[in-house]
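Here's the letter readout for the chains.
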Amino acid sequence: MEKGGEGLIPEQQAYAIPAVLKETEKARADFNVDTALADGVAVVRMFLADRLGLFLQSGEAMDRIDEP
């Protein structure tokens, strides 16, 4: 007996990958380092970009930070 089209198995939800995980993958590829060091690089890179972005308020400065 079905209830309003619901099945026994709930539908899969799509989850977005957090930005820090994307940065970790990018750091691992950019610097050819292991996962632990890439995590540290990603966190520092995001922290600096966030803080400097608040102070500088400039897209041009943010582009220079993102360059390897």
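Structure report, in brief. Remember, predicted model here, so these are calculated numbers, not experimental data.

Below, the discussion takes up the pattern of salt bridges. Under the counting rule described, the total for this entry stands at four salt bridges. Linking Glu-23 and Arg-45 is a salt bridge whose minimum nitrogen-to-oxygen distance equals 3.4 Å. Of the two residues, Glu-23 sits in helix 1 (residues 19–31) while Arg-45 sits in helix 2 (residues 35–56), which places them 22 residues apart along the sequence. A relative accessible area of 21% means that Glu-23 is categorised as partly exposed.

Residues Ile-17, Val-20, Leu-21, Val-43 and Met-46 make up a contiguous nonpolar surface patch of roughly 410 Å² in combined accessible area. Contributing elements (two or more residues each) for the nonpolar patch: helix 1 and helix 2. Judged by its relative accessible area of 31%, Val-20 falls in the partly exposed class.

Reading the values: the criteria
Residues numbered from 1 in each chain as written. Predicted model: local features only at pLDDT ≥ 70, side-chain atom pairs only at ≥ 80, totals over all residues. Heavy atoms only, no water. Salt bridge = Lys/Arg side-chain N within 4 Å of Asp/Glu carboxyl O. Helix = DSSP H or I, 4+ residues; strand = E, 2+ residues; numbered from the N terminus. Buried < 20%, exposed > 50% of the residue type's maximum accessible area, 1.4 Å probe, protein only. Patch = residues over 30% accessible without salt bridge, like charges linked within 9 Å, V, L, I, M, F, W, Y side chains within 5 Å. Areas by Shrake-Rupley, 256 points an atom, 1.4 Å probe, with all protein chains shown as cover.

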